[in-house]
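# Close look at the chain arrangement
Letter by letter, the chains look like this.
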Amino acid sequence: MNITPGSHLGRYEIRAPLGAGGMGEVWVAYDHDLDREVAIKVLRDGASSSSDSVRRFVQEAKAASALNHPNVAHIYEIGAHDDVRFIVMEIVAGETLRARIARGPLPAGEALDIALQVTAALAAAHGAGIVHRDIKPENIIIRPDGYAKVLDFGLAKLREQSPSDSSTAVRTGTGMAMGTIGYMAPEQFISSDVTASADVYSLGVVLFEMVHGHRPGDPALPASPLGPRTFDEIIQHATAKKPDDRYPSAAGMLEDLKRISRETVIASAAAPRGVSRMWVLAASLLLIAAIAGGVMFAMRARRQRDARQMIARAELFVAQRRYPDAYELATRASASLPDDDRLLDVISRVTQKVSIRSDPSGATVYVQRFKGPPERERLGTTPLDFPRFLRADYIVTVEKDGYAPATRPLSIAPIWGRDLEFARMPGTLQIKLIEAGRVPPRMVFVSGGPYRLQGWSRPSDREVDLHDFFIDRYEVSNRDYDEFVRAGGYRRPEYWKELPGQAAALGPLVPDPPSKEMLRAGGPRSEARGPRPEVFRAAMARFVDSTGLPGPRSWAGGVPPAGRENDPVTDITWYEAAAFAEWSGKLLPTIYQWERAGRYPGTRGAATSFPWGFVAEGVDVTERANFLGKGTVPVDSMPFGMSTWGAQNMAGNVSEWLRNEKPPGHGARGGSWNDATYAYGKTASFPLFYASSTLGFRCVKQAVPGEDGGFALAENEVVPAYQPVDDRTYNELRKRYDYARTPLDAKVVETRNAPDWTREKIAFDVAGRKVIAYLYLPRGYKPPFQVIDFAPAGDVESGLRSLASSIEARLAPHIRSGRAIFSVAMEGTIDRPRTTQFEEPDSRSSEYVDYAVSRVTELRRGLDYLETRPEIDRSRIAFEADSAGVWSGVILAAVDPRFRSVMFVGSGIEPRERTDAEAGNRINFLPHMSAPKLMLQGRYDESSPYASAFEPLYNLLRQPKRAVIFEGPHVPPAAVYLRESQKWFDETLGKGGG
């Protein structure tokens, strides 16, 4: 395709050329959907015909598009049209830093301002694992307001050598060394495998050129007007010949530049030399003074103008809740306008007082900020008091000779509940240090005291006076468990004291829930010698890996999976976890010990408690806890998800066995990688022989003997009777959900391409409200597509996880099989946060009915939108609702006849629903879903218990219906879900594939 002004690449109209290089051409274009000008970089034909170039083009551009930083030119889209590959970028008005340097060396204040901005952009990129590879003045744009933007992130690696541009790229024996001669680090000449320190070198050259007007090595010119030795040291450190002698990334360089910005007074120029005649000298001095005064006044006025612009941007960042960005600008502006009222207001809003104490004092304190520089920073020695500390989230480590290091989260970034701001936790840390010899390896100390369970669902209301204890910092890993196996753990009966008294009580590996009497049957056994021989032999015959050797079910050949040694051990029964604890001289934790160590205490309105503090809607918990649906991660991953006692991964990764009995066996806490985020606050329970890839454990050790809360937990409650209204009454209730099909005014506001799908973000109008939805269209198949209308679990609607991540974690295989996915983002999601005035109505009120009608209408209007899309087969629409999605989903599926089949995953009914207002009561709508219905349910579901919640709901459904029960908790294993859902949709919709 020949690109010329007036031609189109999809929705983009090409308007004028911007430039060209070795890789392709850059054009000004107009985005007709979003009414804005953009820059489009088009791959040259040679590059686009090369599969390797295309792969690298997409890979690098995707990495760059993940950067969200004010000093990085944003990438909007990676696309293709006909035979053309292109990338759509923010268009930045202004001049290149090259053009600015051509007018002469930059004034001190301007040079430092640009240096801070460019270095901040590089630090963000390096923190995301992205290396630019071609930092030079041509790739830095200075806007008219002084704002710097770095271009071509992620694209420099793709540059190809041009015969007419030999000064730009150098070919080496190992491949193409990307960069520009004069700015390239020495190692770039001999290897294409460069690290972030190569960017640091290039940036050091650019800084030198900004203040000197020439690159290092050119003929010497007058000294830098920036003057202070500390700036020279930064440049020298950055441009060291050996990578190991430089800053490892731009983060450390940024911290040094910030220090100069805060602490250095920029020196003014020296007075000129005098002449012999006194009157000439006097006149000259007066003239020089006047000129110097004018120059200094002009420089000061410019700095103050720039500072006011920075303050205005900082205020915008405050409004956007981007406190670190606001703080960075405010710090820079304070050098010129330290007493500005607006500046002081910004600083007061983004900072707070922080105090850090240790017992004993005199400990060294280090801090690392969440989403900040990767290196930790030394703050000083305790006691420490900071009147102004950026309101962000940190990990604080306290170290003192002779004492075990203590690590704690300091979560002082504000959180918002319905637009109301409040603190996540106090800004005071009081840390008791324990002598190093008293803390067992890889464990953390937890103080005791009276404790009552505070989770979202409490299986006991008793208060327990806990004694001090230690808990494992991490889950028991495959490597840890391998030591137990190699030490003969499966051959030594003395570690297996918890086995039942009779071999008959062992039953099959995953039996029907055993009774307590069965588990305890068989008479006394010797606590010193363990179980009876026949019981031990029968148990060991079952506790084998996939090859028949002793070990967890997922191991093979008696060893853990290669590469997973540091992941938590899984696929073990409660008995095996208890035997490991016995071997290690520890115990499994009780629910009281586990929650004391793993849950931030208390509740606060709209916020939810996680290990690191309170979390409100709109905050993606999966950034700190492994609820990603992709399997376990190493036990030392996600350090910013640690608890207030320093234990990691107590939310997500694996659910963890408890010592407490809870029918049908023993309890488990924490939730796993395969669960919704709200599983963290639930108490699961599984048979003692149950094993799963989502279930592991950690251990505790009492500091002193005493109470630990190890008693049995409550049985399930009595199930009430549920009675729906008669059919005649139902028909009247159903009329409340009638609506007018007014214009939707729908627009696709964002399109993203992935190898398997195109994802569209859609906005449409419902009764004056802007509603957001996502549509995933499969790639490689021909339309029209069958479509699954998806209602996600409660963690999405509560804003703890994005709707897109939920869809892509669970439903991606359906898209790969040729089916489209559609989902409406309800109020409360990250895409549609609730307003300050929102308050969910009492479920017994007429306002609640209005609320239910509004929600169901939004979902039905989503179906109306689907009918406008020619790619969708409107006769083959299925509905899937997971967990909390079933609440509105039941009414939707009852009142709307467009669904060809319905699937509910992990759902049940609660006794309190009997009092819900009739027209919003699911009990009345459950019998009226006419489409075929499948219920996929875990036998040990902790959120919707099988007997008390699932069965009553299933019994209210009329035929045709089917139930598939799997041996597991609330969320089905991926293999079970995919097998059953694909089978169901193939049966009710026909084979997918377009």
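Keep in mind the model is a prediction, meaning the values are calculated, not measured.

## Digging into the nonpolar core
Residues Phe822, Phe879 and Phe904 are the most contacted members of the largest nonpolar core, which totals 56 residues. Per element, the largest residue contribution to this core is eight residues, and it comes from helix α20 (residues 846-866). Not counting chain neighbours up to four residues away, the residues in contact with Phe904 comprise Phe879, Ala881, Val886, Gly889, Val890, Met929, Leu934, Met935 and Leu936.

## Re a nonpolar patch on the surface
Residues Ile181, Phe189 and Ile190 make up a contiguous nonpolar surface patch of roughly 280 Å² in combined accessible area. Inspection of the secondary structure puts Ile190 in the loop between β11 (175-177) and α5 (196-212). For Ile190, a relative accessible area of 63% gives the class exposed.

## Side note on the confidence of the model for the chain
Atom-level detail of predicted coordinates should not be read off regions where pLDDT is low. For the chain, per-residue confidence averages 84 on the pLDDT scale, and 83% of positions sit at 70 or higher. When the criterion is pLDDT under 50, residues 218-229 qualifies, and its contacts beyond four places in sequence or with other chains add up to 19 contacts. pLDDT under 50 marks residues 264-284. Its contacts with residues more than four places away, or in other chains, come to 13 contacts.

## Re helix α23 (residues 946-956)
All buried positions along α23 are accounted for by Ser948, Ala949, Phe950, Pro952, Leu953, Tyr954 and Leu956. Against α22 (922-925), β39 (933-938) and β40 (961-966) lie the buried residues of α23.

## Topic: the packing of aromatic side chains
With the rule as written, the count across this model stands at 38 aromatic pairs. Both rings, one in Tyr600 and one in Phe614, keep their centres 5.1 Å apart while their planes meet at 85°; by these two values the pair is edge-to-face. Of the two residues, Tyr600 sits in the loop between α15 (591-598) and β25 (608-610) while Phe614 sits in strand β26 (residues 613-615), which places them 14 residues apart along the sequence. Relative accessible area serves as the criterion here: at 11%, Tyr600 is assigned to the buried category. The aromatic ring of Phe370 is capped on one face by Arg624, whose charged end is 4.2 Å from the ring centroid.

## Some thoughts on the pattern of salt bridges
For the structure shown, the criterion picks out 61 salt bridges. For the salt bridge of Glu871 with Arg869, the shortest nitrogen-to-oxygen distance reads 2.8 Å. When the shortest N-O distance is used, the salt bridge between Glu910 and Arg912 registers 3.9 Å. A network of salt bridges, in which partner residues are shared, links Arg741, Arg860, Arg861, Asp864, Glu867, Asp896 and Arg898.

## Things to note about the sheet that holds strand β16 (residues 393-399)
Spatially, the four strands line up as an open sheet ordered β14-β13-β16-β17, and their pairing is antiparallel. The open sheet terminates on both sides in strands that have one partner only, identified here as β14 (377-381) and β17 (406-411). In this sheet, adjacent strand axes meet at a mean angle of 25° when their direction is disregarded. By the bridge criterion, four bridges tie strand β13 (residues 364-369) to β14 in an arrangement that is antiparallel. Each residue of the ladder has a partner; that of Thr364, found in β14, is Thr381.

About the thresholds
- Residue positions within a chain follow its written sequence, with the count starting from 1.
- Side-chain atom pairs in this predicted model are given and counted only at pLDDT of 80 or more, local residue features only at pLDDT of at least 70, and totals for whole chains, interfaces and linings cover all residues.
- Note that water and hydrogens are dropped before the side-chain values are worked out from all heavy atoms of the structure.
- Take the buried residues of types Ala, Val, Leu, Ile, Met, Phe, Trp, Tyr and Cys, join any two whose side-chain atoms come within 4.5 Å, and each joined set is a nonpolar core.
- Three exposure classes are used, based on accessible area relative to the maximum for each residue type with a 1.4 Å probe and protein chains only: buried under 20%, partly exposed in between, and exposed over 50%.
- For helices the rule is a DSSP run of H or I covering at least 4 residues; for strands it is a run of E covering at least 2, with both sets numbered from the N terminus onward.
- Residues are treated as being in contact if the distance between any of their heavy atoms lies within 4.5 Å.
- Two distance rules govern patches: like charges are joined within 9 Å, and nonpolar side chains (Val, Leu, Ile, Met, Phe, Trp, Tyr) within 5 Å, applied only to residues with over 30% relative accessible area and no salt bridge.
- In these tables, accessible area is a Shrake-Rupley quantity obtained with a 1.4 Å probe, and a residue counts as shielded only by the protein chains included in the view.
- Note on definitions: salt bridges are taken to be side-chain nitrogens of Lys or Arg within 4 Å of carboxyl oxygens of Asp or Glu.
- A score between 0 and 100, pLDDT records how confident the predictor is in each residue.
- Side-chain rings of Phe, Tyr and Trp, where Trp is taken by its six-membered ring, are said to pair if the distance between their centres is within 6.5 Å; with planes under 30 degrees apart they count as stacked, over 60 as edge-to-face, and otherwise as tilted.
- Criterion for a charge above a ring: Lys NZ or Arg CZ within 6 Å of the ring centre, and within 35 degrees of the ring normal.
- Note: two strands are recorded as paired if DSSP finds a minimum of 2 bridges between them.
- Note on definitions: angles span 0 to 180 degrees between N-to-C directions of axes, and those axes are lines fitted to C-alpha atoms, for helices only across the stretch in contact.

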